Amino acid sequence: MANKLDIQIRAERQYAVLETAGYLNDALGEKLSKKALELIEKGYTQLVINLDKTALINSIGISILIEIIEALEEREGTLNFCGLSATQERTFRMMAIAKYAGIFPDEKTAIANF
Amino acid sequence: MATTISNDQVLLTIPMRPDMELAAAQLASVIAESMSFSEEQIEEIQVALIESCINAFEHSQSPDRQVIIKYIMRTDGLEFEISDQGVGFSPENRTQRRTSKPDLHPEMRKRGWGLEIIHALMDSVDIMSGENGTTISMVKSKTV
């Protein structure tokens, strides 16, 4: 199974969207974390992570997402997720991620809810 | 390499190398689809299998660096046995991979979720662990 990892970034004035493609494991997670921390360093405190093109996430990948949530919290920022499958959303809620980050069906709604 | 060991069982051996858990998950997807599991159930199976493999990769210290996965197609569901020949582990005493800064919120901890995810996504889970290795047996039932 090919696992093409990719991250697309769309940075606007008030927020930035990071869209992942591929299996969110430690490798893609580290790439995502690096990009997110760069955006936070540039002053972005409202981030969306769009997981629509990520069919599978493992617990290491999720632990890296939690680090991004924590990094944003330190700057009083907000992370909204979108594009999650039902299983991903269930897992995120089980891990209490939904208490500290937003979960929305699509990118437009995630952006509108900052 | 996947081997058919009977009409209703497939055996897969994977090396403990990065992303090899995806091979196990993809085979599970093919088998589950053939058994008419729903898309959501197939994803649940894949995630549980991935976590089981990662658990073996990270904790088993298996000398042969291999994980053996048996896929058993039952009339009432799909059963998996994920085995390694490592040192065994205690679910209560597990630690996890990468450590970073301390958790900001204890309820949203960064470590130790693998087995909880497996339990949440499968209908039954049994873990046997000893000095000759660990086997996680788990079943996804074909319920509507």
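In case you missed it, the structure is sitting above this.
Quantities reported herein were computed from a predicted structural model and do not represent experimental measurements.

Student: Talk me through the overall build of chain B; I want residue IDs and the actual numbers.
Tutor: Scanning chain B from N- to C-terminus turns up 3 helices and 6 strands. The helix and strand sequence of chain B, counted from the amino end, reads β-β-α-α-β-β-α-β-β. Per-residue burial over chain B gives 48% buried out of 144 residues. Surface exposure of chain B reaches about 7100 Å², of which carbon and sulfur atoms provide 49%.

Student: Can you lay out the overall build of chain A for me, pointing to particular residues and giving the numbers?
Tutor: Helix and strand counts for chain A come out as 5 helices and 5 strands. Reading chain A from its N terminus to its C terminus gives the helix and strand order β-β-α-β-α-β-α-α-β-α. In terms of C-alpha radius of gyration, chain A reaches 13 Å, essentially the compact-globule figure of 13 Å for 114 residues. Across its three principal directions, the C-alpha atoms of chain A cover 35 × 25 × 25 Å. A buried classification covers 55% of the 114 residues belonging to chain A. Put simply, 64% of the contacts in chain A that link residues at least 6 apart link residues at least 24 apart.

Student: Any details on the packing of helix H1 (residues 26-41) of chain A against helix H2 (residues 59-74) of chain A? Residues and values, ideally.
Tutor: Residue and element names in this part refer to chain A. Contact pair H1 / H2: the axes reach a minimum separation of 8 Å and the direction vectors enclose 10°. The orientation of H1 with respect to H2, classified from their angle, is roughly parallel. Counting all contacts with H1, which are made through Asp 26, Gly 29, Glu 30, Leu 32, Ser 33, Ala 36, Leu 37 and Ile 40, the residues of H2 involved are Ile 60, Ile 64, Leu 65, Ile 68, Ala 71 and Leu 72. Residue composition of the contact of H1 with H2, by class: 10 nonpolar, 2 polar and 2 charged.

Student: Could you give an account of the nonpolar core, naming the residues involved and the relevant values?
Tutor: Leu 47, Ile 49, Leu 79, Phe 81, Phe 92 and Ile 97 of chain A are the most contacted members of the largest nonpolar core, which totals 42 residues. Among the secondary structure elements, those contributing two or more residues to this core are strand E2 (16-21), H1, strand E3 (46-53), H2 and strand E4 (78-82) of chain A together with helix H1 (20-34), helix H2 (39-59) and helix H3 (114-121) of chain B. Per-element accounting of this core gives the leading share, 8 residues, to H2 of chain A. Once residues lying within four places of it in the same chain are set aside, the contact partners of Phe 81 of chain A are Ile 49, Leu 51, Leu 65, Ile 69, Phe 92, Ile 97, Ala 101, Gly 102, Ile 103, Phe 104 and Ala 110 of chain A. Residues Leu 27, Leu 78, Ile 82 and Leu 115 of chain B belong to the second largest nonpolar core, which totals 30 residues.

Student: Can you lay out the sheet that holds strand E1 (residues 6-11) of chain A for me, pointing to particular residues and giving the numbers?
Tutor: Residue and element names in this part refer to chain A. Taken in spatial order, the 5 strands line up as E1-E2-E3-E4-E5 in an open sheet, and their pairing is mixed. Two strands in the sheet have a free side with no partner beyond their single neighbour: E1 and strand E5 (102-104). In this sheet, neighbouring strand axes are inclined to one another by 20° on average, regardless of whether the strands run parallel or antiparallel. Helix-sheet contacts for H2 involve E3 and E4, and the interaxial angle to E4 is about 145°.

Student: Explain the interface of chain B and chain A to me, and be specific about the residues and the numbers.
Tutor: Taken together, the contact pairs 32 residues of chain B with 31 residues of chain A. Taken over both partners, the interface formed by chain B and chain A buries close to 2900 Å², and the fraction arising from carbon and sulfur atoms is 58%. Scanning the region where chain B abuts chain A turns up 3 salt bridges. Its salt-bridge partner being Glu 70 of chain A, residue Lys 110 of chain B comes within 2.7 Å of it at the nearest N-O pair. The interface formed by chain B and chain A includes 11 residue pairs in polar contact (both at pLDDT 80 or more). For the side of chain B that touches chain A, the elements supplying multiple residues, two or more each, are H1, H2 and H3 of chain B. In terms of residue count, the dominant contributor to the side of chain B that touches chain A is H2 of chain B (9 residues). Partitioning the side of chain B that touches chain A into residue classes produces 11 nonpolar, 6 polar and 15 charged.

Student: With reference to specific residues and values, describe the side chain of Lys 140 of chain B.
Tutor: Residue and element names in this part refer to chain B. Mapped onto the elements, Lys 140 comes out in strand E6 (residues 133-141). In this structure Lys 140 comes out as buried when scored by relative accessible area, which is 5%. A polar atom in the side chain of Lys 140 sits 2.6 Å from the backbone oxygen of Leu 121. Aside from chain neighbours lying at most four places away, what touches Lys 140 is Phe 37, Gln 41, Glu 44, Ile 45, Asp 76, Gly 77, Leu 78, Leu 121, Met 122 and Asp 123.

Student: So what's going on with the pairing of strand E3 (residues 66-74) of chain B? Which residues, and what values?
Tutor: All names here are of chain B. By the bridge criterion, 7 bridges tie strand E2 (residues 9-15) to E3 in an arrangement that is antiparallel. Following the sheet pairing, Val 10 is matched in E3 by Tyr 71. One ladder, built from 7 bridges, connects E3 with strand E4 (residues 77-84); its direction is antiparallel. Directly across from Tyr 71, in E4, lies its bridge partner Phe 80. Hairpin connection from E3 to E4: 2 residues lie between these consecutive antiparallel strands.

Reading guide: rules and limits
- Residues numbered from 1 in each chain as written.
- Chains lettered and ligands numbered in written order.
- Predicted model: local features only at pLDDT ≥ 70, side-chain atom pairs only at ≥ 80, totals over all residues.
- Heavy atoms only, no water.
- Helix = DSSP H or I, 4+ residues; strand = E, 2+ residues; numbered from the N terminus.
- Buried < 20%, exposed > 50% of the residue type's maximum accessible area, 1.4 Å probe, protein only.
- Areas by Shrake-Rupley, 256 points an atom, 1.4 Å probe, with all protein chains shown as cover.
- Rg over C-alpha atoms; globule rule 2.2 N^0.38 Å.
- Contact = heavy atoms within 4.5 Å.
- Axes fitted to C-alpha atoms, helices over the stretch in contact; angles between N-to-C directions.
- Parallel < 35°, antiparallel > 145°, perpendicular 65-115°, else oblique.
- Nonpolar A, V, L, I, M, F, W, Y, C, P; charged D, E, K, R; others polar.
- Core = buried A, V, L, I, M, F, W, Y, C linked by side-chain atoms within 4.5 Å.
- Pairing = 2+ DSSP bridges.
- Buried area = accessible area lost by both parts, 1.4 Å probe.
- Salt bridge = Lys/Arg side-chain N within 4 Å of Asp/Glu carboxyl O.
- Polar contact = N/O pair within 3.5 Å; in protein donor to acceptor, adjacent residues only side chain to side chain.

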